[in-house]
Amino acid sequence: VFHLAIHQNIHSRSLNPVEKAVILNKLLNQFQISIEKIIHYYMPLLNLPPARKLFKNYLILNTLEEEIKLAVAKEEFSLELAWEISKFSHDKKRALFSLARDLKLGINKMREISRYLEEISLRDGTPLVSLLTSEDIQRVLAQERMNLPQKGERLRQILKEKRYPQLCKLEKTFSEGLKKLRLPPELKITYPPFFEGDKLTLEGQFNSSQALKNLAL
């Protein structure tokens, strides 16, 4: 009966990710279908690639808080973000969910921000949720003159400075030094990751031998 219901549903409408997660969970835990059969038969039936990692991620989605699942179902929160925050405890998860949803953070920026928060929390012994309620971060979130991407970027920068204060000072000094050089836009100087090493890289763009000669001069 459940198998027939799946067929009827997928032919009558598109299932959202949460509904697919519920189906996969029932197939595994209620109907005791083997993982291999679910992956190779039922996942394609649900328009999902037959991949074990994806199957596990959908099982994780099924365990998330109702608020998060509802946001995913309504396409207000991406699957990738839901999976990214799933590894955190309940309080951390809710705080990160609210942050990512309100600022409409992309997956890469969210990964970087959550990594900084976790590392700062471990280093300083400060709860992650308390870091998000600190005065400097709340000031950014309340800033009316900044749009959401600007808030997200400013938050990322604040947390990076908290996590790597010396590195950020070096980056600022390096950037100020580059401005004083007044290099043409075709030239670019980069430093090694974390300034480890004593060599810089000079890159140039040109479309002719004459352009190269001009750069050399």
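Residues numbered from 1 in each chain as written. Predicted model: local features only at pLDDT ≥ 70, side-chain atom pairs only at ≥ 80, totals over all residues. Heavy atoms only, no water.

Quick question: what am I supposed to make of the overall build of the protein here?
Scanning the protein from terminus to terminus reveals 13 helices and two strands. Against the globule reference of 17 Å for 217 residues, the protein gives a C-alpha radius of gyration of 24 Å, more extended than a compact globule. Per-residue burial over the protein gives 35% buried out of 217 residues. Across the protein, every contact between residues at least 6 apart in sequence was considered, and the portion connecting residues at least 24 apart equals 49%. Accessible surface, the protein: about 13,900 Å² in total, of which carbon and sulfur atoms supply 53%. (Helix = DSSP H or I, 4+ residues; strand = E, 2+ residues; numbered from the N terminus. Rg over C-alpha atoms; globule rule 2.2 N^0.38 Å. Buried < 20%, exposed > 50% of the residue type's maximum accessible area, 1.4 Å probe, protein only. Contact = heavy atoms within 4.5 Å. Areas by Shrake-Rupley, 256 points an atom, 1.4 Å probe, with all protein chains shown as cover.)

Would you mind going over the packing of aromatic side chains with me for this structure?
Between two aromatic rings, the relevant description is the distance of the centres plus the angle of the planes. Evaluation of the coordinates by the stated rule reveals seven aromatic pairs. Aromatic pair Tyr41 and Tyr42: ring centres 4.9 Å apart, planes at 90 degrees, arrangement edge-to-face. On the accessibility criterion, Tyr41 (36% relative accessible area) is partly exposed. Centroid distance Phe77 to Phe97: 4.8 Å. Interplanar angle 75 degrees. Geometry classified as edge-to-face. (Phe/Tyr/Trp six-rings, centres within 6.5 Å; stacked < 30°, edge-to-face > 60°.)

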